[in-house]
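Chain by chain, the residues:
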There are 6 protein chains.
Amino acid sequence: MSQQKPVEYVSATPEVKAVFDDIKATRGVPDVNNFWKYIAQHPPTLARTWGSLKDIMADGALDPLVKELIYIAVSVTNNCGYCVASHTAGARRAGMTDEMFGELLAVVGMANETNRLAVGYRVPVDPAFE
Amino acid sequence: MSQQKPVEYVSATPEVKAVFDDIKATRGVPDVNNFWKYIAQHPPTLARTWGSLKDIMADGALDPLVKELIYIAVSVTNNCGYCVASHTAGARRAGMTDEMFGELLAVVGMANETNRLAVGYRVPVDPAFE
Amino acid sequence: MSQQKPVEYVSATPEVKAVFDDIKATRGVPDVNNFWKYIAQHPPTLARTWGSLKDIMADGALDPLVKELIYIAVSVTNNCGYCVASHTAGARRAGMTDEMFGELLAVVGMANETNRLAVGYRVPVDPAFE
Amino acid sequence: MSQQKPVEYVSATPEVKAVFDDIKATRGVPDVNNFWKYIAQHPPTLARTWGSLKDIMADGALDPLVKELIYIAVSVTNNCGYCVASHTAGARRAGMTDEMFGELLAVVGMANETNRLAVGYRVPVDPAFE
Amino acid sequence: MSQQKPVEYVSATPEVKAVFDDIKATRGVPDVNNFWKYIAQHPPTLARTWGSLKDIMADGALDPLVKELIYIAVSVTNNCGYCVASHTAGARRAGMTDEMFGELLAVVGMANETNRLAVGYRVPVDPAFE
Amino acid sequence: MSQQKPVEYVSATPEVKAVFDDIKATRGVPDVNNFWKYIAQHPPTLARTWGSLKDIMADGALDPLVKELIYIAVSVTNNCGYCVASHTAGARRAGMTDEMFGELLAVVGMANETNRLAVGYRVPVDPAFE
């Protein structure tokens, strides 16, 4: 009753198919992953999310691998199981090595620890950081 | 009554002074920032946290700038004001440009959005990501 | 060893049975859902939680459907799988359409994104909002 | 050094001015609030965020007041001070009464409480909710 | 416009005054702290929250100091500045020493770190823990 | 592809075996739990995490059971399923009774509720708490 249903390509509207086609062409994959099939239940969300993600994750001042590492850092902090799995796979495809992954999680863990220490000790911002 | 008090160098114990000296030497700064002065109220936490942070943030498979970007991503997601201010300053020192910062926050914002969409739509992990 | 066990009606104490009976009568359902069976392991928590929830979710200045939408928004942001599933079902019963659900998640996703942008850019509160 | 600077209309680029103009026209306000001035430091983020927000918060299956209530629910749960202040003001403009605000926060508080109870008791999803 | 206003005793309704009186008598304090004055804007929330808190924080299988330590742990993890300040003061009154506070924050920091490592490495629950 | 693999004792490096041996000896268990096997994929993280945890969770100004209760409070608030399961088991071994567990979760739930009320009502810190 609360369960969502994925939208598969064959039964998608032309509007949804166009987004799926652009995802597949941009990423060079034969099918879109579950995230896109599920949010396709609300076509405006599908179109807007893909449009934003395509722009944001493109090569720029930060390269795609760094962007994937940042995505994992957020997803781990938010405890989003799907997102950790999909972006870890994405980072692997973009060149993340085991050593990079180990260092990434070490930084994420440490940041979560020191964030709480700063809050618990009620540390005021240094004038030099303002 | 709940307010914490910073430990200043002149009144610190030799144990705390040694950690402060190592932070100053490692970073080439004349004084440690507030975070260290406040957690120095509990010397074991000061020593352990600095030891871990020094190891984790050192140059490795990921360079120090990328590590600072990851630190900001976590701190923004956790809404830690002190940490956002101090690590944004740290990332600037490590070479972060305005454009990099803009892209970093765009990725952080997007990841927080799609994390919630994945949870809300209850998206199951694709077999390919397992 | 850490696994919790649900309290079923037949083996419940009179105190727990009374709460279960009130939940069933209030909601017009033949049995209570797992949430109540699990927290019934601590009867004071069961009684207090049901008493509070019954008051808070009743029709008032906000109608029950709007309250269910707010419940989903919080549960998605906290990434509580059980709560997303149960309150999505609850909102459906209260009249939530597919279109409403799509718009709800779009707002939730967007709010999570702009919350992080406000924190990352360290935006000061406008005097007009104080 | 880590402090961000707002982009004021008079010194904005034509691209940024166009977004500011659309925000002012859409909302019927003489100036944009700080959020927009700060994210304008990264023009692509400004344009994309406004475009998305304008679409998402428009009247639809959910009316603008309900959407503002949902925005507050997320912002309170994420503890975003700026967002709570600005969206509480926004909801007031959209018709939120004191009584509605009181009920909104009661639901938000309760949802945060029961979310944690569901996690702590490790409650499995009922088959009826799948 | 979004700013809330505290309800002071002299101008409170009899219903609110009765709750304020009970808080003052239970805690042996001359006035209630800001939290109660602000939530008193919605009297049902004031009455329900105080009733629940009074029951939950009473001496039981866990003593009041341990309960205050748990309250701080949650408040630090949620980054609630007000709550960290007020419950740190509350724990001090209940007997928390500097050393206890240092150890508390060390555990809180560590738990936040290992929580993220467990999520990032996608660690499956051991059969022995089920 | 994103799935992590546990490091089993028989195939571990001497460096990892030494940490596993110390965990087993310290805890008096025949094997380490999954958390350690998974983070052992990055040996520096394994060594540092175990070293920190061993120090932090030792008997001190707070006893081990209280520390386990705090660990559960953080893990529930962060919604870390693995951590809730493993630390609930750990607290049971350290002497946590059903009644203690019920009171712990009641405090955790309440703290999460009042944290949000404090944020939503934008309660300023009382001068007495500074």
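Keep in mind the model is a prediction, meaning the values are calculated, not measured.

This brings us to the packing of aromatic side chains. Across all of its chains, the model carries 24 aromatic pairs over all chains by this definition. Centroid distance F35 of chain A to W36 of chain A: 5.0 Å. Interplanar angle 80°. Geometry classified as edge-to-face. Exposure remark for W36 of chain A: the relative accessible area of 2% places this residue in the buried category. Between F129 of chain C and Y82 of chain D, the aromatic rings sit 6.3 Å apart at their centres with planes inclined by 70°, giving edge-to-face as the arrangement. One end of the pair, F129 of chain C, is in the segment after helix 6 (98–120); the other, Y82 of chain D, is in helix 5 (residues 81–93), on a second chain. With a relative accessible area of 8%, F129 of chain C lands in the buried category. Members of the aromatic cluster, each reached through a chain of ring pairs, are F35, W36 and W50 of chain A.

Next up on the list: the relation of the copies chain B and chain C. In this arrangement, two copies of a chain are superimposed by a rotation about an axis accompanied by a shift along the axis. Between the two copies, chain B and chain C, the superposition gives an RMSD of 0.0 Å; the rotation angle is 180° and the shift along the axis is 0.0 Å. Read as a symmetry element, the transformation amounts to a two-fold axis. Relative to the rotation axis, the C-alpha of E113 of chain B is the closest in chain B, positioned 2.5 Å from it. With an isologous cut-off of 70% or more, the 100% of interface residues of chain B that recur at the interface of chain C puts this contact in the isologous class.

Bringing the side chain of T88 of chain F into the picture now. Within the secondary structure, T88 of chain F is located in helix 5 (residues 81–93). There is a polar contact of 2.5 Å between the side chain of T88 of chain F and the backbone oxygen of V84 of chain F.

Taken from the UniProt record, the annotation "domain: Carboxymuconolactone decarboxylase-like" (unreviewed entry) applies to residues 46–118 of chain A. Within the segment residues 46–118 of chain A, helix and strand shares are 81% and 0% respectively, and the terminal C-alpha atoms sit 38 Å apart.

We now examine the interface of chain B and chain C. Opposite the 19 residues of chain B that make contact, chain C presents 19 residues. Around 1,800 Å² of area is buried between chain B and chain C when both sides are counted, 65% of it from carbon and sulfur atoms. A per-residue breakdown of the area chain B buries against chain C is headed by E113, R116 and V119 of chain B, which together make up 31% of the total. The interface formed by chain B and chain C includes 0 salt bridges.

Between its first and last C-alpha, helix 3 (residues 43–56) of chain A extends 20 Å over 14 residues, near the 20 Å set by a 1.5 Å rise per residue. Here helix 3 of chain A has its buried residues at T45, L46, R48, T49, W50, S52, L53 and I56 of chain A.

Below, the discussion takes up the side chain of E113 of chain C. Its place among the elements puts E113 of chain C in helix 6. Buried E113 of chain C, no salt bridge; nearest opposite-charge side chain is R48 of chain D, N-O distance 4.2 Å. With near-sequence residues (within four places) excluded, E113 of chain C lies in contact with G109, M110 and E113 of chain B together with R48 of chain D.

In total, this model carries 36 salt bridges over all chains according to the counting rule given. Notably, a salt bridge pairs E103 of chain F with K67 of chain E, separated by 3.1 Å at the nearest N-O pair. With E103 of chain F in helix 6 (residues 98–120) and K67 of chain E in helix 4 (residues 64–77), this residue pair bridges two chains. Side by side, E103 of chain F and K67 of chain E carry an identical accessibility label, which is buried.

We now examine the relation of the copies chain B and chain A. When chain B is fitted to chain A, the residual RMSD is 0.0 Å, and the transformation amounts to a turn of 180° plus an axial shift of 0.0 Å. Here 100% of the interface residues in chain B have copies in chain A that are interface residues too; the copies meet face to matching face.

Parameters at a glance
Residues numbered from 1 in each chain as written. Chains lettered and ligands numbered in written order. Predicted model: local features only at pLDDT ≥ 70, side-chain atom pairs only at ≥ 80, totals over all residues. Heavy atoms only, no water. Phe/Tyr/Trp six-rings, centres within 6.5 Å; stacked < 30°, edge-to-face > 60°. Buried < 20%, exposed > 50% of the residue type's maximum accessible area, 1.4 Å probe, protein only. Helix = DSSP H or I, 4+ residues; strand = E, 2+ residues; numbered from the N terminus. Least-squares fit on C-alpha atoms with pLDDT ≥ 70 in both. Contact = heavy atoms within 4.5 Å. Polar contact = N/O pair within 3.5 Å; in protein donor to acceptor, adjacent residues only side chain to side chain. UniProt positions renumbered as here; feature names shortened; annotations may be inferred. Buried area = accessible area lost by both parts, 1.4 Å probe. Salt bridge = Lys/Arg side-chain N within 4 Å of Asp/Glu carboxyl O. Expected span 1.5 Å × (residues − 1). Lys, Arg positive; Asp, Glu negative; His and termini not counted.

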